[in-house]
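Residue-level listing of the chains:
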Amino acid sequence: MSLPRQDESRIITHESYNGRGFTDENSLARMRMTKPDTINPAITYLMGREDKKFPLTFLTEGQKGGRKGIEVNSIEYKFPVMGRLKKSDQLVRLDFLDVATATNIGRGGAPFYPVFKTDWLKMHHTVYSPNGTACRIQGKSERVNGGFRYKFVLIYRDANEVVPNSELLSNVKWSMTGGASVSQSDSKGNESNVQAPGELKNQISILRKSYHIAGNVTNKVVEFQFNTPKGGVSSLWMPFEEYQHDIQFKEACEENLWWSKYNRDDKGNITTIDDETGLPIPMAAGVNDQIPNHDTYGELTAKKLSRTISDVMYGATDTGHMNIVLFTGIGGMEEFDNSIKRDIAGSASVWSVVLAGDAASKFITGAPGSSNLSFGAYFSQYKHVDGHVVTIKHLPLLDFGGRADNSPEHPISGKPLSSYEMYFIDMSSYDGQNNVKLVYEKGRMLIRGVEQGMSLLRGASYGDYKGNGKDLALATDQDRTSVHFMKTLGVSIFRNTHCFKLSCDLS
Amino acid sequence: MENNNTNKPNNENKAKDSSPVVQQKTAVKEEPKPIHPSKLRSKVELSIRRKSLNAGLPGDDTVLHNPKIGSSLRGKAPLSGLDLDEEKVYLPTILGISPLDLNWGRETRDYWSNISERVPHDKEGTNSRLPGRLLLFTIQFNNLRDKKIFDNAETFDAKAAFSKKGKVIEGEADYVLFRYCLVYGRVANSKADRYKSGKIDFYLYSQETESKKNYNLFELRRQAKNAFDGILTDESKINALLRVFEKDPTDTFMFQTIEDKHLVLDGLIDKNPKRFLAFVSDKSLAQKALIKEAVLAGIVHNPANTDSYYYGDDKQIVLGNSLPDAVLFLRSKEERNAQILESIKSQVLYAKS
């Protein structure tokens, strides 16, 4: 097995030798002494610049004077939530009658005695079965074996009306609807239920990244020019290497926010243990883990899109304006657009419809007779029937991130299947607070440290930028300097009910 | 269509009397007794259940979650649960369009693309025997044989295959969804398969099928234990069985007494009774055990993750690419093979000593 070369991280062009006894163009080329002409010294980013990939970090981490994340003191955190107000209960059995054989249950106002799981249904209230049979609860329930027994009477107009046996089978839900009706006079008071909020739990992840440099690589100039973060170009190697590390770490953080998998079991124990230290490794539930609603598609249709958006918006009537952002890759953006255009066209050709009438001016732009016409227009918003709008936002990690790298190919486009994943995220504000927020441990949002060796790092924030001009405080006597990052992070979606994942599926 | 032999009268050939009255009676007797169509119906009840999904946060009310069975792609077309002929039988009722309609192709494609079926939480269903999304359908068969085969099928895949012999007369939409689930990658086709892939979110469930499967396993275990009872004192056979189960009976750390061997084999029966039954009744058990013993002693080479066996100084002699092949090789009456067998035996004996 060949050993890795120690200097591979620092030397751009390895030294090479020619032992053939003479020198010609070929041996010079082999020794890399001659090169083909370089027509553009600035590096061409074949897959695009890496720094536009992090919409979630951008939207949650906070900008100057903008949004703020949440600082927590421990790894685990919780927040109170109120679910849907419960109005129904499930039937356990019918007492005193055999539901399989009994006939005319409840006929003429005859009482019958269902047993429910809890005493959630309250006396005097009107209750409805799933198919609309209405009954009144007479008096209080009593605790019996297996639940609470009630006395019900059917509310009827026709003396032949009965309670269908199928409505009295176990697990059928009866629901209080329309309050408690009482007589005109001499009525007694009844009871009410109160529902306490529950709690949701999550935790934050702790990410580390380190890189090491050795020798005098900081001062090495290479043959290419790199774009610097400030917009200039440089031939120095180290700023470029550091830029790569920064971008890689930022990408890892963004991916963690999306796809980190929560790793506590039912009993609250962390299931991933570091075998070196024996200590648990907390991993947060990322956005993907927190989305409780999901569906799949093969070829997106407008009907499917509309139904999904309906599901996303369901129960959203308490908000003035919802801001649903659909994060997706290029594939998903195309499917979104195509589904709407296909629906508009029906059985006709898409172009015969979008290029007809007024719509044509939206797809072809440019002056009449111009030789600079522009073709193409794309849908990137969907307005729901109640006025809420879903807006597309490109999530490049679905096209080029780690998940895209090993994703199966879409059979038609050849793009990674992950590019077609669609995450409908409720980015609204509720009670003055953003629904999606970054969470981090107090004082440890990001820590960067240098384990100083004799190798110098350039950069004002590292403390060694004067280099040879002063004595270095060394942490190691090795001619090697290490840079370490540690970041605590997690994302909290307070209302996940309006979040939905729609994935493209291959079977 | 197949004849239903089970309904034929037993005495159909017995009447030989030639009198016209009797002949008439005989003729009546030869007619297969018609079976009422209701007796050729199979009513199927099953449900689609959620696997415990890793979604939401601890504390979430999972009843409110909205996981759905959605559409998918197979190749470049939407995944469909039926073949083209079946689509023509079942989809006209669901779609309200004839297969002769010009839009048939587009409508069926849209139908499969638009599948979006919520699977309720176990607590939500109204059928306590079948929680989740209940599927109910009735299949009319043409003969009792097909119905019986369908009814006795252990797996949903087998049921789906046999269902093609009949016609769904009730619950077509549920039947179509059932067939779709069998090919949709996010639904496991049995409860036992639900952890086979991280992609699986749901599984098909029927108490009847589960009971049948568990009973068959119980029956196999019972047969295996009966067979085991018969060889409890036959230590050479016990050793051979241990060897084919990749255990070394000479390992004194693990097996100090024959009772230790019994306990290990008992555990193996519980885990895989079918395999035990196959081994215990295998006539070449001794040869297989010899090969396994030779492998353990380094005399025969069995490369990791393969079932191939090699012999010789340079491992140049292929005994077989499977254990039965290797047995056949050593059993062969060819002189060279017999010599190799003898050589292996003596080397094993030497290794033991």
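Residues numbered from 1 in each chain as written. Chains lettered and ligands numbered in written order. Predicted model: local features only at pLDDT ≥ 70, side-chain atom pairs only at ≥ 80, totals over all residues. Heavy atoms only, no water.

1. Some thoughts on the overall build of chain B
Okay, step 1: Within chain B, the regular secondary structure consists of 13 helices and 12 strands.
Okay, step 2: If you take every contact in chain B between residues at least 6 apart in sequence, the share linking residues at least 24 apart comes to 63%.
Okay, step 3: Summed over all atoms, the accessible surface of chain B reaches about 19600 Å², with 51% contributed by carbon and sulfur. (Helix = DSSP H or I, 4+ residues; strand = E, 2+ residues; numbered from the N terminus. Contact = heavy atoms within 4.5 Å. Areas by Shrake-Rupley, 256 points an atom, 1.4 Å probe, with all protein chains shown as cover.)

2. With respect to the overall build of chain A
Okay, step 1: Secondary structure summary: chain A contains 10 helices and 27 strands in total.
Okay, step 2: Burial statistics for chain A: of 507 residues in total, 40% are counted as buried.
Okay, step 3: Pairs at least 24 apart in sequence give 74% of the contacts found in chain A among residues at least 6 apart.
Okay, step 4: Summed over all atoms, the accessible surface of chain A reaches about 28100 Å², with 51% contributed by carbon and sulfur. (Buried < 20%, exposed > 50% of the residue type's maximum accessible area, 1.4 Å probe, protein only.)

3. Some details on a nonpolar patch on the surface
Okay, step 1: A surface patch of nonpolar side chains, amounting to about 480 Å² of accessible area, comprises A:Trp351, A:Leu355, A:Ile364, A:Leu373 and A:Phe375.
Okay, step 2: Counting through the fold element by element, A:Phe375 comes out in strand β18 (residues 374-375). (Patch = residues over 30% accessible without salt bridge, like charges linked within 9 Å, V, L, I, M, F, W, Y side chains within 5 Å. Salt bridge = Lys/Arg side-chain N within 4 Å of Asp/Glu carboxyl O.)

4. A short note on helix α10 (residues 273-280) of chain B
All names here are of chain B.
Okay, step 1: Those residues of α10 not exposed but buried are Pro273, Phe276, Leu277, Phe279 and Val280. With its buried residues spanning 165° around the axis, α10 presents them on a single face.
Okay, step 2: Taken together, the buried residues of α10 touch α7 (207-229), α8 (235-244), α9 (258-271) and α11 (285-296). (Arc of directions from axis to C-beta.)

5. A short note on a positive patch on the surface
Okay, step 1: A cluster of basic residues, A:Lys86, A:Lys117, A:Lys173 and B:Lys123, forms a positive patch on the protein surface.
Okay, step 2: For A:Lys117, the location among the structural elements is in the loop between β4 (113-116) and β5 (125-128). (Lys, Arg positive; Asp, Glu negative; His and termini not counted. Charge placed at Lys NZ, Arg CZ, Asp CG, Glu CD.)

6. Looking at the interface of chain A and chain B
Okay, step 1: If you look at the interface, chain A gives 41 residues, while chain B gives 43 residues.
Okay, step 2: Of all residues in chain A, A:His294, A:Glu299 and A:Ser507 give up the largest surface area on contact with chain B, accounting jointly for 19% of the area buried on that side.
Okay, step 3: Taking the shortest distance from any N to any O, the salt bridge between A:Glu299 and B:Arg109 comes out at 2.6 Å.
Okay, step 4: Secondary-structure elements contributing two or more residues to the side of chain A that touches chain B are β11 (198-203), α4 (287-290), β15 (293-297), α5 (302-313) and β27 (500-504) of chain A.
Okay, step 5: No other element matches β15(A), which puts 5 residues into the side of chain A that touches chain B.
Okay, step 6: For the side of chain A that touches chain B, the per-class residue count stands at 13 nonpolar, 16 polar and 12 charged.
Okay, step 7: With 2 bridges joining them, β15(A) and strand β2 (residues 66-70) of chain B adopt parallel strand pairing. Across the sheet, residue A:His294 finds its bridge partner in β2(B), namely B:Pro67. (Buried area = accessible area lost by both parts, 1.4 Å probe. Nonpolar A, V, L, I, M, F, W, Y, C, P; charged D, E, K, R; others polar. Pairing = 2+ DSSP bridges.)

7. Here's the deal with the sheet that holds strand β9 (residues 152-154) of chain A
All names here are of chain A.
Okay, step 1: Taken together, the 8 strands give an open sheet; going across it, the order is β7-β8-β4-β3-β10-β5-β6-β9, and neighbouring strands pair in antiparallel fashion. Sheet topology places β7 (142-144) and β9 at the edges, where each strand pairs with a single neighbour. Each strand of the sheet is rotated relative to its neighbour by a mean of 40°, with strand direction disregarded.
Okay, step 2: As paired strands, β5 and strand β10 (residues 173-180) are joined by 3 bridges and run antiparallel to one another. Each bridged residue has a counterpart across the sheet, and for histidine 125 the counterpart in β10 is alanine 180. (Axes fitted to C-alpha atoms, helices over the stretch in contact; angles between N-to-C directions.)

8. Observations concerning the environment of A:Thr328
All names here are of chain A.
Okay, step 1: Among the secondary structure elements, threonine 328 is positioned in strand β16 (residues 323-328).
Okay, step 2: Spatially, the C-alpha atoms of threonine 328 and asparagine 256 are 17 Å apart, while their sequence positions differ by 72 residues.
Okay, step 3: If near-sequence neighbours (up to four positions away) are discounted, threonine 328 is found in contact with Met333, Ile392, Lys393, His394, Leu395, Leu398, Ser419, Tyr420, Glu421 and Met422.

9. With respect to the sheet that holds strand β12 (residues 317-320) of chain B
Residues and elements named next belong to chain B.
Okay, step 1: If you trace the 3 strands from one edge of the open sheet to the other, you get β10-β11-β12, paired in antiparallel fashion. Single-partner strands in this sheet number two, and they are β10 (300-301) and β12.
Okay, step 2: Bridge count for β10 against strand β11 (residues 309-311) is 2 bridges, and the pairing is antiparallel. Of the residues in β11, the one forming a bridge with histidine 301 is tyrosine 310.

10. Concerning the pairing of strand β9 (residues 202-205) of chain B
All names here are of chain B.
Okay, step 1: Neither face of β9 is open: one carries Phe202 and Leu204, the other Tyr203 and Tyr205, and all of them are buried.
Okay, step 2: Pairing of strand β1 (residues 41-50) with β9, which is carried by 4 bridges, proceeds in the antiparallel orientation. By the bridge assignment for β9, isoleucine 48 is matched with leucine 204.

11. Looking at unusual backbone geometry
Residue and element names in this part refer to chain A.
Okay, step 1: A positive phi angle is found at phenylalanine 96, which is not glycine, with a value near 70°.
Okay, step 2: Mapped onto the elements of the fold, phenylalanine 96 is located in the loop between β3 (88-95) and β4.
Okay, step 3: On the basis of relative accessibility, which here comes to 60%, the residue phenylalanine 96 falls in the exposed class.

12. Considering the nonpolar core
Soluble globular proteins tend to pack their nonpolar side chains together in the buried interior.
Okay, step 1: A:Trp258, A:Val287, A:Phe327, A:Tyr423 and A:Ile425 are the most contacted members of the largest nonpolar core, which has 38 residues in total.
Okay, step 2: No other element matches helix α3 (residues 237-259) of chain A, which puts 10 residues into this core.
Okay, step 3: Among the nonpolar cores identified, the runner-up in size contains 33 residues, and B:Tyr111, B:Phe137, B:Phe141 and B:Tyr180 belong to it. (Core = buried A, V, L, I, M, F, W, Y, C linked by side-chain atoms within 4.5 Å.)

13. So, the packing of aromatic side chains
Okay, step 1: Scanning the model with the defined rule gives 25 aromatic pairs over all chains in all.
Okay, step 2: On the basis of an interplanar angle of 80° and a centroid distance of 5.4 Å, the ring pair of A:Phe96 and A:Tyr113 is categorised as edge-to-face. Within this pair, whereas A:Phe96 is found in the loop between β3 and β4, its partner A:Tyr113 is found in strand β4, the two being separated by 17 residues in sequence.
Okay, step 3: Residue A:Tyr113 is classed as partly exposed on the basis of its relative accessible area, which comes to 24%.
Okay, step 4: Arranged with centres 5.0 Å apart and planes meeting at 70°, the rings of A:Trp258 and A:Phe327 form a pair that is edge-to-face. Placement of A:Trp258 in helix α3 and of A:Phe327 in strand β16 is noted, with a sequence separation of 69 residues between them. Grouping residues by exposure puts A:Trp258 and A:Phe327 together as buried.
Okay, step 5: Each residue in the set A:Phe112, A:Phe116, A:Tyr150, A:Phe152 and A:Trp174 is aromatic and connected to the rest through ring pairs, giving one cluster.
Okay, step 6: Just above the ring of B:Tyr205 sits the side chain of B:Arg49; from NZ or CZ to the centre is 4.5 Å. (Phe/Tyr/Trp six-rings, centres within 6.5 Å; stacked < 30°, edge-to-face > 60°. Lys NZ or Arg CZ within 6 Å of the ring centre and 35° of its normal.)

14. Things to note about the pattern of salt bridges
Okay, step 1: The final tally for this structure, using the stated rule, is 31 salt bridges over all chains.
Okay, step 2: B:Lys199 is the partner of A:Asp505 in a salt bridge, and the nearest nitrogen-oxygen pair spans 3.3 Å. Taken together, the positions of A:Asp505 in the segment after β27 and B:Lys199 in the loop between β8 (187-188) and β9 put the pair across two chains.
Okay, step 3: Residue class for B:Lys199 comes out partly exposed when judged on its relative accessible area of 28%.
Okay, step 4: Close ionic contact of B:Asp266 with B:Lys225 constitutes a salt bridge, the shortest N to O distance being 3.1 Å. With B:Asp266 in helix α9 and B:Lys225 in helix α7, the pair connects residues that are 41 residues apart, well separated along the chain.
Okay, step 5: Take B:Lys225: its relative accessible area is 27%, and that puts it in the partly exposed class.
Okay, step 6: Because the salt bridges share partners, they merge into one network encompassing A:Arg93, A:Asp95, A:Glu142 and A:Arg149.

15. Describing the confidence of the model for chain A
Residue and element names in this part refer to chain A.
Okay, step 1: Mean pLDDT over chain A works out to 79, with 81% of the residues at or above the 70 mark.
Okay, step 2: Segment residues 1-18 is flagged for pLDDT under 50; beyond a separation of four residues in sequence, or across chains, it makes 19 contacts in the model.
Okay, step 3: Counting contacts from residues 38-48, a segment whose pLDDT is below 50, to residues more than four positions away or on other chains yields 12 contacts. (pLDDT = per-residue confidence, 0-100.)

16. Thoughts on α7(B)
Each turn of an α-helix holds 3.6 residues, which means side chains three or four residues apart point in the same direction.
Okay, step 1: With 23 residues, α7(B) extends 32 Å from end C-alpha to end C-alpha; this agrees with the ideal 33 Å at 1.5 Å per step.
Okay, step 2: Those residues of α7(B) that fall on the buried side of the exposure criterion are B:Thr209, B:Glu210, B:Ala224 and B:Phe228. (Expected span 1.5 Å × (residues − 1).)

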